[in-house]
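Chain by chain, the residues run as shown.
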Amino acid sequence: MNWLERDSESIWHPFTQLVNGFEHIMVEKAEGMYLHTSDGRKIMDAISSWWVNLHGHSHPKIAEAVAKQAQNLEHVIFAGFTHAPAIELAENLLSILPDNQSKIFYSDNGSTANEVALKMAFQYWYNKGNEERKKIIAFDGAYHGDTFGAMSVGDRGPFSAPFAPFLFDVEFLPMPENGNEDEVLQKFYQLVESGKVAGFIFEPLVLGSAGMKMYDGRFLDKLIRIAQDNHVICIADEVFTGFGRTGKHFASDYLANKPDVFCLSKGLTGGTMALGVTSCTEEIMSAYKSTDIMKTFFHGHSFTANPIACAASIASFKLLVAEETQSQIEKISQWQKEFHDKISSHPKVLKSRVLGTIFALELKTDADTSYVNEVRHKLYPFFLERNILLRPLGNVIYILPPYIIKKEEIDKVYEAVEEMLESL
Ligand SMILES: *Cc1c(COP(=O)(O)O)cnc(C)c1O
């Protein structure tokens, strides 16, 4: 049997339809912008491998940090023990997070970072003896991960339909768009003034999985102020938007009112391995400081603060804050904006949008804009045939490159998108 036959004998892949799907592509090596495949192709990774990669694949600095760490301390229980990589990374993150962030809690991925945030918020009120605040507010169309808590606060759509009866009750708020702001504000006021809301969770400025939907930061600022005036804990899920994607370190850097809790993952390790972070304010942690054992935060994973993952993150952090990377982020933001200006009036484009290094366009099709829009079955292979990895969300095509992409490389992606528009 060859590798692909062995794959289909033994492996179940994520987010993959098992019938009528595409054949998997065998990757033998990845370097910088490119995936080297077993059939001798070099595919440009224009979506940062599901939004995780920041500095290109197999970055030598990150590889070196991982190798060194693996030889010194690969892992140790994180209850009762600690280590330099976890401490150094926490200090690094707190140095770029808003000033109100005070403590770092480690977990394994973006979903668990959100689970931790939700549990922190619920138990904050539990520890304070408040039995009223049990509701969470979230946006329609939100995506916070695939575990049960994360699914509960996410869009009730195709991803979570089979599990709908098992998800906890959440108050969903319409996305602020085309003139519904007053209605959204009114509903929000009503909810937070009830005294029954524990927390408000949101993807700041960009709803990634919903199709890179963007909304006004000033409006979010208003919601956060209203929420905080009413003691509702504001949770920013920056799993996707963190680490420069929106042009600033965090999307919340565009806000005047700072969220109480941050969820980070994806780009945290530069896309090298899994690690999740939930940061919080001193105020939230203070509700857990008690001699009463029942007020302990009983949450942890076997691999909490894995030293190798922390070492990868520290190396990635150094690269991120370097001037070279910051100027690349600026350049990419400019290129994306220019392409947006050029393409937005194309007759096949329903809408296009840009924020920092994120560009997305909605194709005009007969069906509604959604993840299950059939056009993706044509788009995905169209780009792969041109050795470019783009993985449209239904009829939404987005370009989200690692920060090392060169002008001539991103131009190739733009040309392919234009060629695709002409071919429709
Ligand atoms: C990807 C994503 C998650 C889930 O992260 P995983 O590491 O895949 O569990 C959560 N929130 C947002 C905004 C995401 O984009």
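So, how was this worked out
Residues numbered from 1 in each chain as written. Predicted model: local features only at pLDDT ≥ 70, side-chain atom pairs only at ≥ 80, totals over all residues. Heavy atoms only, no water. Axes fitted to C-alpha atoms, helices over the stretch in contact; angles between N-to-C directions. Helix = DSSP H or I, 4+ residues; strand = E, 2+ residues; numbered from the N terminus. Parallel < 35°, antiparallel > 145°, perpendicular 65-115°, else oblique. Left-handed = near helix turned anticlockwise from the far one by under 90°. Contact = heavy atoms within 4.5 Å. Nonpolar A, V, L, I, M, F, W, Y, C, P; charged D, E, K, R; others polar. Near = heavy atom within 4 Å. Polar contact = N/O pair within 3.5 Å; in protein donor to acceptor, adjacent residues only side chain to side chain. Areas by Shrake-Rupley, 256 points an atom, 1.4 Å probe, with all protein chains shown as cover. 1 Å grid on protein atoms, 1.4 Å probe; cavity = no way out; pocket = protein on both sides within 12 Å on 5 of 7 lines; lining within 4 Å. Sits in = over half its atoms within 2 Å of the grid points. Domains from an automatic or database assignment. Buried area = accessible area lost by both parts, 1.4 Å probe. Pairing = 2+ DSSP bridges.

**Student:** Mind showing me how you'd approach the packing of helix 11 (residues 323–343) against helix 13 (residues 407–423) here?
**Tutor:** Helix packing geometry: the angle between the two helix axes and the distance between the axes. Two numbers describe how helix 11 lies on helix 13: the axes approach to 11 Å, and their chain directions differ by 20 degrees. With respect to their mutual orientation, helix 11 and helix 13 come out roughly parallel. Judged by the twist between their axes, the crossing of helix 11 over helix 13 is right-handed. Where helix 11 approaches helix 13, its residues I332, W335, Q336, F339, K342 and I343 are matched on the opposing element by K407, I410, Y414, V417, E418 and L421. Of the residues that constitute the contact of helix 11 with helix 13, the class distribution is 8 nonpolar, 1 polar and 3 charged.

**Student:** What is the right way to read the site of the ligand from this model?
**Tutor:** Surveying the vicinity of the ligand reveals 13 residues, the closest of which are G110, S111, H144, D237 and K266. Taking S111, its side chain carries an N or O atom lying 2.5 Å from an oxygen atom of the ligand. At 3.5 Å from a nitrogen atom of the ligand is found a main-chain nitrogen or oxygen belonging to Y143. Protein chains shield 84% of the accessible area of the ligand, which is 380 Å² for the free molecule. Counting atoms within 2 Å of the grid points, the majority share of the ligand lands in the second largest pocket. No other element matches helix 5 (residues 110–127), which puts 3 residues into the shell around the ligand. Taken together, the residues that form the shell around the ligand break down as 4 nonpolar, 6 polar and 3 charged.

**Student:** Sorry, what's going on with the domain arrangement of the chain here?
**Tutor:** Put simply, an interface is often sized by how much accessible area is lost when its parts join up. Taken domain by domain, the chain consists of domain 1 (3–58 + 323–423) and domain 2 (63–321). Look at where the C-alpha atoms of domain 1 and domain 2 centre, and you get two points 26 Å apart. In this complex, domain 1 contributes 28 residues to the contact, which on the side of domain 2 involves 28 residues. For domain 1, the biggest contributors to the area lost against domain 2 are W51, L355 and I358; these three give 26% of the whole. Where domain 1 packs against domain 2, one counts 14 residue pairs in polar contact (both at pLDDT 80 or more). Of all the secondary structure elements, the ones that give two or more residues to the side of domain 1 that touches domain 2 are helix 2 (48–51), helix 11, strand 13 (349–355), strand 14 (358–363) and strand 16 (396–399). Considering every element that reaches the side of domain 1 that touches domain 2, the biggest residue donor is helix 11, with 5 residues. Split by residue class, the side of domain 1 that touches domain 2 holds 18 nonpolar, 8 polar and 2 charged.

**Student:** Can you walk me through the sheet that holds strand 10 (residues 233–237) in this structure?
**Tutor:** Remark on secondary structure: sheet strands pair via backbone hydrogen bonds, oriented parallel or antiparallel. Within the open sheet, the 7 strands sit side by side as 4-12-11-10-7-5-6. Their pairing is mixed. Edge positions in the open sheet fall to strand 4 (103–107) and strand 6 (171–173), since each of these has one partner strand only. Between one strand and the next, the sheet's axes are offset by a mean angle of 20 degrees, whatever the strand orientation. Relative to strand 12 (residues 276–280), strand 11 (residues 261–264) runs antiparallel, the two being bridged by 4 bridges. Note on strand 12: the bridge partner recorded for C263 is T278.

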